[in-house]
Protein chains: 4
Amino acid sequence: MSTPSFPTSLGTSEGTTITLLGQDLATDLMGQVSFGELAYWLITLERPTPQQARLFEAVLLGLADHGFTPTAIAARLTYLSAPDSIQGALAAGLLGGGSRFLGVTEDTGRFLADVLAGLDRTPTDDAGWDEVAEAAVRAQREAGRFVPGLGHPVHKDGDPRTPRLIQIAHEEDLYGAHLALFEAIGRTHERVLGKRLPLNGAGVSGAALADLGIRQELLRGTVLLARCAGLLGHIAEEIRRPVANDVYMSVDRNAVYVDPSQES
Amino acid sequence: MSTPSFPTSLGTSEGTTITLLGQDLATDLMGQVSFGELAYWLITLERPTPQQARLFEAVLLGLADHGFTPTAIAARLTYLSAPDSIQGALAAGLLGGGSRFLGVTEDTGRFLADVLAGLDRTPTDDAGWDEVAEAAVRAQREAGRFVPGLGHPVHKDGDPRTPRLIQIAHEEDLYGAHLALFEAIGRTHERVLGKRLPLNGAGVSGAALADLGIRQELLRGTVLLARCAGLLGHIAEEIRRPVANDVYMSVDRNAVYVDPSQES
Amino acid sequence: MSTPSFPTSLGTSEGTTITLLGQDLATDLMGQVSFGELAYWLITLERPTPQQARLFEAVLLGLADHGFTPTAIAARLTYLSAPDSIQGALAAGLLGGGSRFLGVTEDTGRFLADVLAGLDRTPTDDAGWDEVAEAAVRAQREAGRFVPGLGHPVHKDGDPRTPRLIQIAHEEDLYGAHLALFEAIGRTHERVLGKRLPLNGAGVSGAALADLGIRQELLRGTVLLARCAGLLGHIAEEIRRPVANDVYMSVDRNAVYVDPSQES
Amino acid sequence: MSTPSFPTSLGTSEGTTITLLGQDLATDLMGQVSFGELAYWLITLERPTPQQARLFEAVLLGLADHGFTPTAIAARLTYLSAPDSIQGALAAGLLGGGSRFLGVTEDTGRFLADVLAGLDRTPTDDAGWDEVAEAAVRAQREAGRFVPGLGHPVHKDGDPRTPRLIQIAHEEDLYGAHLALFEAIGRTHERVLGKRLPLNGAGVSGAALADLGIRQELLRGTVLLARCAGLLGHIAEEIRRPVANDVYMSVDRNAVYVDPSQES
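Residues numbered from 1 in each chain as written. Chains lettered and ligands numbered in written order. Predicted model: local features only at pLDDT ≥ 70, side-chain atom pairs only at ≥ 80, totals over all residues. Heavy atoms only, no water.

Looking at an unreviewed UniProt entry, chain A carries the name citrate synthase (unknown stereospecificity), with the source organism given as Nocardioides lianchengensis. On record in UniProt, under Pathway (unreviewed entry), the comment for chain A is "Carbohydrate metabolism; tricarboxylic acid cycle." On record in UniProt, under Sequence similarities (unreviewed entry), the comment for chain A is "Belongs to the citrate synthase family." (UniProt positions renumbered as here; feature names shortened; annotations may be inferred.)

J.: Can you walk me through the interface of chain C and chain B in this structure?
T.: When the parts of a complex come together, some accessible area is lost, and that lost area is often used as the size of the interface. Across the boundary between the two partners, chain C contributes 34 residues, which contact 34 residues of chain B. When residues of chain C are sorted by the area they lose upon contact with chain B, Phe68, Ser81 and Leu95 of chain C head the list and together hold 18% of the total. At the boundary of chain C and chain B, one finds 0 salt bridges. Our count for the contact surface shared by chain C and chain B stands at 2 residue pairs in polar contact (both at pLDDT 80 or more). Within the residue set of the side of chain C that touches chain B, elements represented by two or more residues are helix H4 (70-81), helix H5 (86-95), helix H11 (219-240) and helix H12 (244-253) of chain C. With 7 residues, H4 of chain C is the single largest residue contributor to the side of chain C that touches chain B. For the side of chain C that touches chain B, a count of residues per class yields 18 nonpolar, 9 polar and 7 charged. (Contact = heavy atoms within 4.5 Å. Buried area = accessible area lost by both parts, 1.4 Å probe. Salt bridge = Lys/Arg side-chain N within 4 Å of Asp/Glu carboxyl O. Polar contact = N/O pair within 3.5 Å; in protein donor to acceptor, adjacent residues only side chain to side chain. Helix = DSSP H or I, 4+ residues; strand = E, 2+ residues; numbered from the N terminus. Nonpolar A, V, L, I, M, F, W, Y, C, P; charged D, E, K, R; others polar.)

J.: Looking at this structure, how should I read the packing of aromatic side chains?
T.: How two aromatic rings sit relative to each other is set out by the distance from centre to centre and by the angle between their planes. Residue and element names in this part refer to chain A. In the structure shown here, the tally under the stated rule is 10 aromatic pairs over all chains. The interplanar angle of 75° and the centroid separation of 5.3 Å between the aromatic rings of Tyr40 and Phe56 together place this pair among those described as edge-to-face. Of this pair, Tyr40 sits in helix H2 (residues 35-44) while Phe56 sits in helix H3 (residues 50-63), and the two are 16 residues apart along the sequence. Phe56 matches Tyr40 in its accessibility class, with the two residues each being buried. (Phe/Tyr/Trp six-rings, centres within 6.5 Å; stacked < 30°, edge-to-face > 60°. Buried < 20%, exposed > 50% of the residue type's maximum accessible area, 1.4 Å probe, protein only.)

J.: Sorry, what's going on with the interface of chain A and chain B here?
T.: In this complex, chain A contributes 87 residues to the contact, which on the side of chain B involves 87 residues. Buried area between chain A and chain B, summed over both chains or domains, comes out near 7,300 Å², and the portion from carbon and sulfur atoms is 72%. Three residues, Met30, Phe35 and Leu61 of chain A, lead the burial of chain A against chain B; their summed loss comes to 11% of the area buried on that side. The interface formed by chain A and chain B includes 0 salt bridges. The interface formed by chain A and chain B includes 18 residue pairs in polar contact (both at pLDDT 80 or more). Counting residues per element, the side of chain A that touches chain B draws most heavily on helix H11 (residues 219-240) of chain A, at 17 residues. Residue composition of the side of chain A that touches chain B, grouped by class: 45 nonpolar, 25 polar and 17 charged.

J.: Whenever I open this one, the packing of helix H8 (residues 161-171) of chain D against helix H10 (residues 201-211) of chain D confuses me. Can you help?
T.: Helix-helix packing: each pair is described by the crossing angle between the helix axes and the interaxial distance. All names here are of chain D. Two elements in contact, H8 and H10, have axes separated by 8 Å at closest approach and are oriented at 20°. As judged from the angle between their axes, H8 and H10 are roughly parallel. Two packed elements cross with a definite hand, and for H8 against H10 that hand is right-handed. The residues of H10 that touch H8, namely those facing Arg161, Thr162, Leu165 and Ile166, are Gly201, Ala202, Val204 and Ser205. Of the residues belonging to the contact of H8 with H10, the class tally is 4 nonpolar, 3 polar and 1 charged. (Axes fitted to C-alpha atoms, helices over the stretch in contact; angles between N-to-C directions. Parallel < 35°, antiparallel > 145°, perpendicular 65-115°, else oblique. Left-handed = near helix turned anticlockwise from the far one by under 90°.)

J.: Any chance you could explain the relation of the copies chain C and chain B here in plain terms?
T.: Note that the two copies of the chain are related through a rotation about an axis and a translation along the same axis. Relative to chain B, chain C is turned by 180° and slid 0.0 Å along the rotation axis, the superposed coordinates differing by an RMSD of 0.0 Å. The relationship between the two copies is best expressed as a two-fold rotation axis. The residues that chain C uses at the interface reappear at the interface of chain B in 100% of cases, marking a shared surface. (Least-squares fit on C-alpha atoms with pLDDT ≥ 70 in both.)

J.: Looking at this structure, I do not really get helix H4 (residues 70-81) of chain D. What am I missing?
T.: Owing to its 3.6 residues per turn, the α-helix brings residues three or four apart onto one side. With 12 residues, H4 of chain D extends 16 Å from end C-alpha to end C-alpha; this agrees with the ideal 16 Å at 1.5 Å per step. Most of H4 of chain D is tucked away, with 12 of its 12 residues classed as buried. If you follow the buried residues of H4 of chain D, they end up packed against helix H4 (70-81), helix H5 (86-95) and helix H12 (244-253) of chain A together with helix H5 (86-95), helix H11 (219-240) and helix H12 (244-253) of chain D. (Expected span 1.5 Å × (residues − 1).)

J.: Mind showing me how you'd approach the environment of Asp114 of chain D here?
T.: When you line up the elements, Asp114 of chain D lands in helix H6 (residues 104-117). Here the alpha-carbon distance between Asp114 of chain D and Ala136 of chain D, two residues 22 residues apart in the chain, equals 9.9 Å.

J.: Is there a simple way to explain the relation of the copies chain A and chain B in this structure?
T.: Taken as rigid bodies, chain A and chain B are interconverted by a rotation of 180° and an axial shift of 0.0 Å, the fit giving an RMSD of 0.0 Å. Most of the interface of chain A is mirrored in chain B, where 100% of its interface residues again form contacts.

J.: So what exactly am I meant to see when it comes to the pattern of salt bridges here?
T.: For the coordinates displayed, the defined rule picks out 53 salt bridges over all chains. The salt bridge partner of Arg138 of chain C is Glu134 of chain C, with a shortest N-O separation of 2.6 Å. Placement of the pair is Arg138 of chain C and Glu134 of chain C together in helix H7 (residues 126-142), with a separation of 4 residues, close to one helical turn. Classification of Arg138 of chain C as partly exposed rests on a relative accessible area of 31%. Between Arg110 of chain D and Glu106 of chain D there is a salt bridge; the shortest N-O distance is 3.0 Å. Placement of both Arg110 of chain D and Glu106 of chain D in helix H6 is noted, with a separation of 4 residues, approximately one turn of the helix. Note on Glu106 of chain D: relative accessible area 11%, which makes it buried.

This is the structure in structure tokens:
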């Protein structure tokens, strides 16, 4: 059998040169390109313009930390049990990045893209977008499904990240179809659902990333990269001011044994 | 028992405000602070100066991707097997961030810090640093231990990331004791070890991060954050141009069964 | 706010007694109950009969190891990179237990359960089961979906685990509706699909676990428990006779750099 | 470059045969060998005698579940966040299997082995073992180190798993040097440390596994296999009676924001 070959367009290493994304890592990238720009470039294989970089980094900032989320607690509990292995604590935190909490960005991006894919023509004004949005919300409701990106347990009257990302998108001339549809959902959902919900930060991030050209399968990965920084912050804090053992103790001390025969 | 409280200095969320690191996330941070700056801030609880940010982001860039490392291969194999769960693929890649390959940055940072901690006075010139460095290398050799940060299987004549980070450190006036000692090791090790080895990029990163004030327990975590971006790039590439199944097949097809009774 | 309580029916610890599943761990379980029996009991909260235990343990054996699977390779690569952290290597291996390869057991269990749930009456003979099975296979084909549990890249003429598990199920009087439907699919699919495919071991395992009363959400978890033993065997072998570095080298040396501008 | 080969002694698959550990999986193993026996065999490449199997399975039972440990809580929090990916929840739980809580078995096994390796002659009676044990405890204390295997936060007057495993070891004629030394530590430590501590279950498990021939690097892995079953039990319980969201809420609601400027 012939020797397989494994192509890659990310980077190579030889002698005294390291090439990354077609550039000389040391002379062209280090000290000139930010980590957020590099991340965008690694994901899309395209160098971001300064405008794209600004919006992308703003999205990452909005997603990096959310306090004592299940993922942050899991990371801190794992660091408590295995302080010799910080990679385990980070990994454990990221593993909570699934459908239930972190999935909103991906779900919103996919939902908006699906609606857009079904359009014959792209609307040209708010009224046109409102029509599309209202129909989409109605279809979700009839199918018994939630509209991703709507609602937030804390920021019921508005998630501050949403207007900020929309503002940056406009400033950088990157306001596209996904964001337009998302805002239209914000304007029209109340008449369908009967209540006013905020457009949440995870959802607007999905719209912004989609308008930035990030493909659907990588929306969640982008959130995870942002969250990696937040988790590192939590682990740093756990080292400086540990709370994980208190979390553990508060659960263990309040554990109540229920005889298995009482299980329904 | 009283209700426990769980202090955190990272962030809070209320109503229409999200606070992160004492700042209003939407108005003070998003669109104004880069992701790399935020990461530094989350880790140290101190806002980086533009100089610190430049050096920190350069370190992250140098560590983000190294081609088909065991971690990148593991991430791609996991994505192949579980494409529905990108968080698993990222986590699997990060879990390889242990002592053997990714540990150099942490080992170097700790080694340099240990040597510095044992000094009565900080040297003031190259000759002073050379004396300290040569003694440290000699001590390692006598103890049968390697000097972390020295050597590279590919860049035998010099790792291009090293002079670049040192240059940036000088440009930003952040060249400190760890970097000074590290360079001195570069100048003096040959007379002790009998061969000339390059100062590698992972090692100079440890020195730079230490001079940036990143504590020892978080050096590896910083490398992992950088690597998270690289792994996302690999997963993105796996989606565009998959190779993991070829890796799997090349191992499976070349598997040779050895009867257990032949095991020594 | 009141103190929360956290109920559990698994176990408690006090003074000189440890209770697990309502039993005294030391005097009633250790030395009397096998690990496989305990696993069944922990999953279902019901003590298995000797018959259930025999079938359940046979399922675990059939799923424990499959050679150099992507998961085994990932575990070995992670152990290579982080030998100080065996928990990372095991975790990395398990993280590949997703939809693509390890999902067959769960997919088959769910598929069979869905078909059974749609029946007005349970068939009473082979002819009755054949009718149900043929209709189910036809429906899958019309919907453009594969029938889970059918087919195997290696065991094209028959997976030896399938007749063995069916035989044990008969021996232990545990042959139930899921297994009956699964065998009927084996008898009837050829006339619908136009080709003869084997009933694979992962699929019959799903049928057997379902007939053992393991709920759908835990089918994949059961496979992962089995695989945990196999992965430990691979890590043990990696310590005795390492191959992971050869895997890494064979990929790295055959890496081919493709300029990003050539990406489609 | 020549094609690499990847030797393995675990298993092969061809046509209608699957070989595992030199046996025909379907006809020789399934339905005849327990999962615990297979695990021992996979780890050591030796088929356990019925005596070895009984002791090994008893060790696994003693280690499988410990209630709401940090690892069980982390697994449940991860399942809450990512119910679509049970492999992530299991992995997150296992990742806490590091030095702090789960490390006792490995630490004890290594400690006992180190002491035994330094002996000129193996003691032949309790008095001989007591002398060795007392010296070892004294050496640990002088070095400022704890004696692994001694002490337990709950079972201060005796961990019930310890006498039970020792009893089974005697019953199966597997009581060896590690267990003898461990019991001698139990008899003699008080005169050195000034307080009476129990020989804990994790520690006696390390001694028993060492006497069973499990090598040091795999002691922790064995504990993780046992814990895998316990974690599956926790995830099963989380599905039946969820508590993870209450854990999350109890932390989040009791989070207290501390201004970063107040950090020491």
